[in-house]
Amino acid sequence: NKDNLPTDKTMGSVQPYTLTHLFYLPVQPLPMAAPAADPGQLATILLAHEKARARAWKEKNVRALEVLLGPEFMEINVLGRFSKKDLLVSLFPSLTLHEFIISDPRLVMASADSAILTYQCVEDLTVSRQQITGTFHVAAHYTRRENKWLLLLWQITPFTCQEKGL
């Protein structure tokens with residue numbers, strides 16, 4: 001394209017991207033369908049999905065977060081285990097995400113319709129006036145339904161002291 005920005009050619013369309021906070025995010029919702037036979041393309045799509053999830057938290061856009069989550073979604077984090085409803089109704093209003101930087105993403109195909117994206121992240125957030133900052137492991141479990149990839153389980157785990165070299 002004329003701006004030399006990355007584009008996504010998923011499903012025959014071209015999606016422009018905007019540079020924000022060290023990563024590219026789609027201007028419009030990214031189609032979540034991708035052939036499982038192309039893990040590279042799927043990894044790119046799921047990584048964009050994770051960045052859109054982080055952006056929804058940073059922008060306090062509950063609707064943008066909700067559309068990324070499957071009906072039986074669960075999140076496990078340092079604060080506990082949250083269903084989709086608990087996350088959107090209870091946790092979302094009390095949490096402010098300040099920074100979320102993804103590194104070292106890896107894709108594992110569990111089946112043709114199930115994939116796990118793992119990565120490391122640096123996260124800085126405030127929840128109920130308590131600041132949480134650190135480096136974490138993330139496992140994001142996705143399933144393909146009606147030709148869209150939906151997040152089923154998102155788990156974030158702190159690095160151990162040994163991993164940090166302490």
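Look up a bit, the structure's there.
Residues numbered from 1 in each chain as written. Predicted model: local features only at pLDDT ≥ 70, side-chain atom pairs only at ≥ 80, totals over all residues. Heavy atoms only, no water.

Enquirer: How do you make sense of the packing of aromatic side chains when you look at a structure like this?
Expert: For any pair of aromatic rings, the description rests on two quantities: the centre-to-centre distance and the angle between the ring planes. One pass over the structure, following the stated rule, counts 3 aromatic pairs. With a centroid separation of 6.3 Å and 40 degrees between ring planes, the pair formed by F100 and W154 is classed as tilted. Note that F100 is positioned in strand β5 (residues 95-111) and W154 in strand β8 (residues 148-158), a separation of 54 residues in sequence. Above the ring of W154, the side-chain terminus of R53 is found at 3.8 Å from the ring centroid. Taking the ring centre of F92 as reference, the NZ or CZ of K60 above it sits at 5.1 Å. (Phe/Tyr/Trp six-rings, centres within 6.5 Å; stacked < 30°, edge-to-face > 60°. Helix = DSSP H or I, 4+ residues; strand = E, 2+ residues; numbered from the N terminus. Lys NZ or Arg CZ within 6 Å of the ring centre and 35° of its normal.)

Enquirer: I'm lost on the pattern of salt bridges in this one. Help?
Expert: When charged atoms on two side chains of opposite charge get close, those side chains can pair. The tally for this structure, following the rule as stated, stands at 6 salt bridges. The partner of R53 in a salt bridge is E50, with the nearest N and O atoms 3.7 Å apart. Placement of the pair is R53 and E50 together in helix α1 (residues 39-58), with a separation of 3 residues, close to one helical turn. Judged by relative accessible area, R53 falls into the buried class, the value being 5%. For E50, a relative accessible area of 0% corresponds to the buried category. Across the pair E72 and R145 runs a salt bridge whose closest N-O atoms are separated by 2.7 Å. Separated by 73 residues along the polypeptide, E72 in strand β3 (residues 69-77) and R145 in strand β7 (residues 130-145) bring together distant segments of the chain. A relative accessible area of 43% means that E72 is categorised as partly exposed. On the basis of relative accessibility, which here comes to 32%, the residue R145 falls in the partly exposed class. (Salt bridge = Lys/Arg side-chain N within 4 Å of Asp/Glu carboxyl O. Buried < 20%, exposed > 50% of the residue type's maximum accessible area, 1.4 Å probe, protein only.)

Enquirer: So what exactly am I meant to see when it comes to unusual backbone geometry here?
Expert: Most peptide bonds take the trans configuration, and most residues that are not glycine carry a negative phi. Backbone geometry at R129 places phi at a positive 65 degrees, although glycine is not the residue there. Here R129 is to be found in the loop between β6 (114-127) and β7. Judged by relative accessible area, which is 83%, R129 ranks as exposed.

Enquirer: What is the right way to read empty space enclosed by the protein from this model?
Expert: Here the idea is plain: a probe the size of a water molecule rolls over the atoms and shows the empty space left. With the rule as written, the count across this model stands at 1 cavity of 30 Å³ or more. Considered as a void within the structure, the largest cavity measures approximately 150 Å³ in volume. Lining the largest cavity are 14 residues, with E75, N77, L95, E123 and L125 positioned closest to its centre. For the lining of the largest cavity, the elements supplying multiple residues, two or more each, are α1, β3, β5, β6, β7 and β8. (1 Å grid on protein atoms, 1.4 Å probe; cavity = no way out; pocket = protein on both sides within 12 Å on 5 of 7 lines; lining within 4 Å. Points joined across faces, edges and corners; volume = space filled by probe spheres on them.)

Enquirer: What am I meant to see in the side chain of D124 here?
Expert: Among the structural elements, D124 can be located in strand β6. Buried charge D124 goes without a salt bridge, the closest partner of opposite sign being K58 at 9.3 Å. A distance of 2.7 Å separates the side chain of D124 from the side chain of T133, its partner in a polar contact. Other than its neighbours up to four places away in sequence, D124 contacts T96, L97, H98, E99, Q131, I132 and T133. (Lys, Arg positive; Asp, Glu negative; His and termini not counted. Polar contact = N/O pair within 3.5 Å; in protein donor to acceptor, adjacent residues only side chain to side chain. Contact = heavy atoms within 4.5 Å.)

Enquirer: I would appreciate a short explanation of the nonpolar core in the present structure.
Expert: W57, L65, L87, F100, Y119 and W154 are the most contacted members of the largest nonpolar core, which has 33 residues in total. Those elements that place two or more of their residues in this core are α1, β3, α3 (84-94), β5, β6, β7 and β8. Look past the residues within four positions of L87 in its chain and what remains in contact with it is W57, L65, L69, F73, E75, F82 and F92. (Core = buried A, V, L, I, M, F, W, Y, C linked by side-chain atoms within 4.5 Å.)

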